[in-house]
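Here's the letter readout for the chains.
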Amino acid sequence: GEEVAQTPKHLVRGEGQKAKLYCAPIKGHSYVFWYQQVLKNEFKFLISFQNENVFDETGMPKERFSAKCLPNSPCSLEIQATKLEDSAVYFCASGDQGRGPQHFGDGTRLSIL
Amino acid sequence: SQQGEEDPQALSIQEGENATMNCSYKTSINNLQWYRQNSGRGLVHLILIRSNEREKHSGRLRVTLDTSKKSSSLLITASRAADTASYFCATDPRSGGSNYKLTFGKGTLLTVNP
């Protein structure tokens with residue numbers, strides 16, 4: 001597609017439950033990035049992929065966060081044992097270059113109750 | 001931590017006026033990018049300026065980059081109500097490795113009053 005598609009738009013989970021977010025990058029883009037936006041401003045980098053390979057995961061809280069980009073499937077970001085502090089909007093972006101413009105989806109708002 | 005810091009945090013102007021937003025950053029960069037975010041939406045890429053460029057134009061947008069001062073500015077001329085949004089600068093830091101990730105500032109909320 002011509003847009004980055006993120007699903008669901010809003011996800012509500014009780015503390016301790018699992019949350020799984022999905023992202024379909026723009027067709028032909030080989031780079032995928034995940035960011036977390038808290039409080040409508042700060043964007044925190046989580047992880048990036050080049051095709052199905054993890055490129056940079058320095059932003060991931062590794063104990064509970066994991067992500068995959070498998071061929072012919074949407075990319076996913078999974079959070080195990082969610083905490084209140086995980087409440088945020090999670091954005092996926094894709095690009096055809098590692099250093100070029102990134103095209104963002106509209107995000108998934110994760111609310112942990 | 002956020003590398004870019006936008007200034008001002010909020011800006012309110014009348015339609016037709018120009019809006020200038022500034023961004024400062026701390027480390028060497030490969031490029032600097034400006035994005036717009038409308039409420040409830042994702043970021044929209046506006047313009048990318050490379051570290052060896054000093055100025056770039058795109059329609060009503062003008063971006064400058066001063067690597068000696070580690071700062072950039074975004075000028076929107078003849079603003080419209082539809083320009084109301086948050087504007088973020090993002091840097092692609094030059095590091096020893098080849099990790100591609102953007103570091104964002106906290107944004108400037110621009111309100112253009114009709």
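Please refer to the structure higher up on the page.
These lines cover the structure that appears in this document, whether it is placed above or below.

The rules we used
Residues numbered from 1 in each chain as written. Chains lettered and ligands numbered in written order. Predicted model: local features only at pLDDT ≥ 70, side-chain atom pairs only at ≥ 80, totals over all residues. Heavy atoms only, no water. Contact = heavy atoms within 4.5 Å. Buried area = accessible area lost by both parts, 1.4 Å probe. Salt bridge = Lys/Arg side-chain N within 4 Å of Asp/Glu carboxyl O. Polar contact = N/O pair within 3.5 Å; in protein donor to acceptor, adjacent residues only side chain to side chain. Helix = DSSP H or I, 4+ residues; strand = E, 2+ residues; numbered from the N terminus. Buried < 20%, exposed > 50% of the residue type's maximum accessible area, 1.4 Å probe, protein only.

### Describing the interface of chain B and chain A
Consideration 1: Across the boundary between the two partners, chain B contributes 22 residues, which contact 23 residues of chain A.
Consideration 2: Here chain B and chain A share an interface that buries about 2000 Å² over both sides, 51% of which is from carbon and sulfur atoms.
Consideration 3: Looking at the side of chain B facing chain A, the largest losses of area belong to Leu43, Tyr100 and Lys101 of chain B, adding up to 31% of the total buried there.
Consideration 4: The tally of links between chain B and chain A comes to 4 salt bridges.
Consideration 5: Across the pair Arg99 of chain A and Asp92 of chain B runs a salt bridge, and its minimum N-O distance is 2.5 Å.
Consideration 6: At the boundary of chain B and chain A, one finds 10 residue pairs in polar contact (both at pLDDT 80 or more).

### Brief notes about the pattern of salt bridges
Consideration 1: This structure, assessed with the given rule, holds 9 salt bridges over all chains.
Consideration 2: Glu42 of chain A is the salt-bridge partner of Lys106 of chain B, the closest N and O atoms lying 3.4 Å from each other. With Lys106 of chain B in the loop between strand E10 (103-104) and strand E11 (108-113) and Glu42 of chain A in strand E5 (residues 42-50), this residue pair bridges two chains.
Consideration 3: The partly exposed category is assigned to Lys106 of chain B, whose relative accessible area is 37%.

### Quick notes on unusual backbone geometry
Consideration 1: Residue Pro8 of chain A follows Thr7 of chain A across a cis peptide bond; omega there is -10°.
Consideration 2: On the secondary structure map, Pro8 of chain A appears in the loop between strand E1 (5-7) and strand E2 (10-13).
Consideration 3: Of note, the bond from Asp7 of chain B into Pro8 of chain B is cis; its omega dihedral lies within 30 degrees of zero at 0°.
Consideration 4: Structurally, Pro8 of chain B is set in the loop between strand E1 (5-7) and strand E2 (10-14).
Consideration 5: Phi is positive for Asn72 of chain A, close to 60°, though the residue is something other than glycine.
Consideration 6: The topology assignment puts Asn72 of chain A in the loop between strand E7 (65-68) and strand E8 (75-79).

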